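Observations on the three-dimensional arrangement
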Amino acid sequence: MAQFFRESAKLQLLVMTASVGSSRSRPNWLTSEHPLPWLLPASALMIVFGVYPLIAALLKTLYRKNAATRREIFDPLYNWTKIFEDPRMWDALWHTLLYTLIALTFQLVLGMLIALLLDSDRKGYGILRAMMTLPLVIPPAVTGMMFLLMLNGSFGVIARTIIGMGLLPTGYSILGNSTTALAGVMLAEIWQWTPFMVLIMLAGLRALPKEPFEAAAIDGATPIQAFFKLTLPMMSKVIAIAVLIRGVDLLRAFDYIKVMTDSGPGTATETLTSYAGRIYFGNSDYPLASSVAILTLVLVIITSTLFMRIFKVKL
Amino acid sequence: MELSRSWQIARDALAAFVTAIFMFPIFWWALNSIKPISAVFDKDRVVWFDFFPTAINYAVTLLGYSRSQLAIDAGLGMGVAGTEAYDSRSSILDSLVVSMGATAVTMMVAIPAAYALSRMAFRGRDAFLNWVLGQRFMPPIAIIFPLVITYKWLGMRDTDNYYLGWLGLMLIYALMNLPIAVLLLKSFFDDVPRDVDEAAMIDGATRWETFGKIVLPMAKGGIAAAAVLCFVFSWTEFLLALFLTSDIRTVPVKIQTFVTSTGNEWGFITALGTAAMIPGFIFILLVQRHLVRGLTLGSLKE
């Protein structure tokens, strides 16, 4: 009997300490078993520096800035009607789309061709592939300056070469002429980011299974047939991801344009982002600049969502 | 696919040629940084190698020497004065501090988030992932104006307090780097077998302990790669620094101030530009293996 009581008292103690222990422990969502503490720092950063400024920018667009009194008056439709009636905005939108489409096409096609060329296990190709990645880490502002130097009509090495071939008149300024300025900026863009495509395409090519190609070769398929019937379809996911990432970056193009032409000559190379920047640096019209900036965001959201739906990609 | 010998040689030559074309701008840039001014600005021809190399551009931009003093010392008579504006030492310090700080903040915030996304099942996990990914798609121009106003209001602009200016730039860079860091780290944590930390947890370890003692050490290489990429992206960033700061001038912002209405100082531009490429080149060769994964936010592996 005494034995039994001793045992049950022990048990009682055990239960008590256990319950005391659990009631004294912190609530579940504060322990490391709950995702909240893990996600909190990242969420805080994204709320303070992502969500809050975005909402603030949206609210800003609802105000009209009075240039004379420098006051902001609530007038929800003012900026939006103003930018949609603004031919400069439409020009900027057109330049943005043109820049994105042309640069993306060049980067994709060149990237694929160069990847095919460099996809070899022979000696030395590893070094070539490593060299090919170098442009990716150059600050775009520096790349812009590089091409500004090389495209200079009187002493730039690229411009002199083109002029030397008789394709352009002597002393022609590629960036100073509204017909060729955008092409000049694109050259910098294409040079710096074709390696991005090369790198991703190479990763895709290296991951392809060997058997289908061996089978196709036995069946007498030419390399070109094998490329279009096997390589391309099997690489579609990789290509879609690369296009998505590059495309989003191209839609918000700014660095090269700011450094090389500052949207000029006139507004010949003005994109949505650089237009917003110009409004901001020009007359500090935050509300109007914000509307153009928000429009860039809307453009990115629409195109990327459409692209992801149509091509069924997920990052 | 087997190629005949002559075709193979042709391919090797073409591969080397294409790579050389892509290397040319870098080579040309570095070459111009050691040219004397007269060789850069020759109106009649493009100067290739027939010049006397000079280190004056590096001396002025990186070491803060005065060009006129250097000219007098070399016995060349009077040089052009007024080169103080090209002394870039403080810009390099700004860039280094901001990039390292931003990398530290990013990693502190991203590592726990990536761990939770990799290991825990909870409601809203996909929504959170999309939220993080959304930051990668957001044009920086859309958030920069309110941030400028807010920083001004808080007295956090570099014109109010230089150190707070550093902090402000670090924090916004951390946001910019967050999606790459979180998604890349998540993919590295996914590579660590779950059995390992499940076994540890059965033995009574808390989440925190399994994370610190097991997963973190096993993903060391991946964490280093993510940190390097964050550093490189912060080092090359231009737009945010341009809008947000005026006293602080990171290297990309500094370099475009060398373009002036009276003529561009190409010697200084190329010297600083060459110097600005070096850290990136070193780092990219270090993380070569993880580069594809990083650039595609963890969705493609090499």
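Counting from 1, residues in each chain are numbered in the order their sequence is written. To read the labels, note that chains go from A and ligands from 1, taken in the order they are written. Where totals are concerned, whole chains, interfaces and linings use all residues; where local detail is concerned, this predicted model gives features only for residues with pLDDT of at least 70, and gives and counts side-chain atom pairs only at 80 or more.

1. Re the overall build of chain B
- Labels follow the DSSP assignment, with helices taken as runs of H or I lasting at least four residues and strands as runs of E lasting at least two, numbered in each case from the N terminus. Secondary structure summary: chain B contains 15 helices and zero strands in total.
- To sort residues by exposure, count the other C-beta atoms lying within 10 Å of each residue's C-beta; 20 or more gives buried, 12 or fewer gives exposed, and values between give partly exposed, all with C-beta atoms placed from the backbone. Counting over 302 residues, chain B shows a buried share of 47%.
- Note on contacts: each residue gets a C-beta atom placed from the backbone, and two residues are in contact if those atoms are within 7 Å. Counting contacts in chain B only where the partners sit at least 6 residues apart, residues at least 24 apart contribute 73% of the total.

2. Focus: the overall build of chain A
- Secondary structure assignment for chain A yields 13 helices and two strands.
- The size measure is the radius of gyration over C-alpha atoms, and the globule rule it meets is 2.2 Å times the number of residues to the 0.38 power. Its C-alpha atoms give chain A a radius of gyration of 29 Å, clearly above 20 Å, the size a compact globule of 315 residues would have.
- In terms of its C-alpha atoms, chain A occupies a principal-axis envelope of roughly 115 × 80 × 35 Å.
- Counting across all 315 residues of chain A, residues that qualify as buried make up 40%.

3. Some points on the nonpolar core
- Grouped together as the largest cluster of nonpolar side chains are 166 residues, with contacts concentrated most on I200 and V292 of chain A together with A110, L178 and L185 of chain B.
- Ranked by residues supplied to this core, first place goes to helix 8 (residues 162-191) of chain B with 17 residues.
- The residue makeup of this core includes at least three contributed by each of domain 1 (52-87) and domain 2 (89-295) of chain B.
- Contact partners of A110 of chain B, with chain neighbours within four places excluded, come to A42 of chain A together with L178, A181, V182 and L185 of chain B. Nonpolar cores are identified as sets of buried Ala, Val, Leu, Ile, Met, Phe, Trp, Tyr and Cys residues joined via C-beta atoms within 7 Å. The split into domains, and so the bounds of each, comes from an automatic or database assignment of domains.

4. Brief notes about helix 1 (residues 5-33) of chain B
All names here are of chain B.
- Expected span, for any helix, means 1.5 Å times one less than how many residues it has. With 29 residues, helix 1 extends 41 Å from end C-alpha to end C-alpha; this agrees with the ideal 42 Å at 1.5 Å per step.
- A residue's bend is given by the angle between axes fitted to the 7 residues ending at it and the 7 residues starting at it. Taking the largest bend as the criterion, helix 1 deviates by roughly 40°, centred on M23, and proline P25 comes between one and four positions later.
- Three or more residues of helix 1 are buried, namely A15, T19, F22, P25, I26, W29, N32 and S33.

5. Brief notes about the interface of chain A and chain B
- At the interface, 72 residues of chain A touch 78 residues of chain B.
- Looking at the side of chain A that touches chain B, the element that brings in the most residues is helix 2 (residues 35-60) of chain A, giving 14 residues.
- When residues are grouped by polarity, Ala, Val, Leu, Ile, Met, Phe, Trp, Tyr, Cys and Pro land in nonpolar, Asp, Glu, Lys and Arg in charged, and all others, Gly among them, in polar. Here the residues of the side of chain A that touches chain B are counted per class, giving 58 nonpolar, nine polar and five charged.

6. Observations concerning the domain arrangement of chain B
- Along its sequence, chain B is carved into domain 1 (52-87) and domain 2 (89-295).
- Using C-alpha coordinates to define each centre, domain 1 of chain B is positioned 36 Å away from domain 2 of chain B.

7. Points about the packing of helix 6 (residues 140-150) of chain A against helix 14 (residues 266-286) of chain B
- Contact geometry for helix 6 of chain A and helix 14 of chain B: axes closest at 10 Å, N-to-C directions at 140°. By the criterion of interaxial angle, the relationship of helix 6 of chain A to helix 14 of chain B is oblique. Judged by the twist between their axes, the crossing of helix 6 of chain A over helix 14 of chain B is left-handed. Facing V142, M145, M146 and L149 of chain A of helix 6 of chain A, the residues of helix 14 of chain B in contact are W266, I269, G273, A276 and M277 of chain B.
- A class-by-class count of the residues in the contact of helix 6 of chain A with helix 14 of chain B yields eight nonpolar, one polar and no charged. Structural elements are reduced to axes, namely lines fitted to C-alpha atoms, with helices fitted over the stretch in contact, and the angle between N-to-C directions of any two is expressed from 0 to 180 degrees. Angle categories are assigned with fixed cut-offs, so that under 35 degrees is roughly parallel, over 145 is roughly antiparallel, 65 to 115 is roughly perpendicular, and the rest are oblique. By the definition used in this description, the sense in which the near helix is turned from the far one sets the handedness, with an anticlockwise turn below a right angle giving left-handed and a clockwise turn giving right-handed.

8. Remarks on the packing of helix 2 of chain A against helix 8 of chain B
- Where helix 2 of chain A contacts helix 8 of chain B, the axes come no closer than 10 Å and their chain directions differ by 130°. By the criterion of interaxial angle, the relationship of helix 2 of chain A to helix 8 of chain B is oblique. When you trace helix 2 of chain A past helix 8 of chain B, the crossing you get is left-handed. Contacts from A42, L45, M46, F49 and G50 of chain A of helix 2 of chain A reach helix 8 of chain B at L171, I172, A174, L175, L178 and V182 of chain B.
- Of the residues in the contact of helix 2 of chain A with helix 8 of chain B, the class split is 10 nonpolar, one polar and no charged.

9. Section: the confidence of the model for chain A
All names here are of chain A.
- Every residue gets a pLDDT, meaning the predictor's confidence in that residue, from 0 to 100. Of all residues in chain A, 92% have pLDDT values of 70 or greater, and the mean over the chain is 87.
- When pLDDT is averaged over each helix and strand of chain A, the minimum, 49, is found for helix 1 (residues 2-24) and the maximum, 95, for helix 4 (residues 87-118).
- Confidence drops under a pLDDT of 50 for residues 13-24, and excluding neighbours within four residues, the segment shows zero contacts in the predicted structure.

10. Looking at the confidence of the model for chain B
All names here are of chain B.
- When the pLDDT values of chain B are averaged, the result is 86; 89% of them are 70 or greater.
- When mean pLDDT is taken per element in chain B, helix 5 (residues 89-119) scores highest with 94 and helix 4 (residues 67-73) scores lowest with 67.
- As scored by the predictor, the complex reaches a pTM of 0.88 and an ipTM of 0.89.

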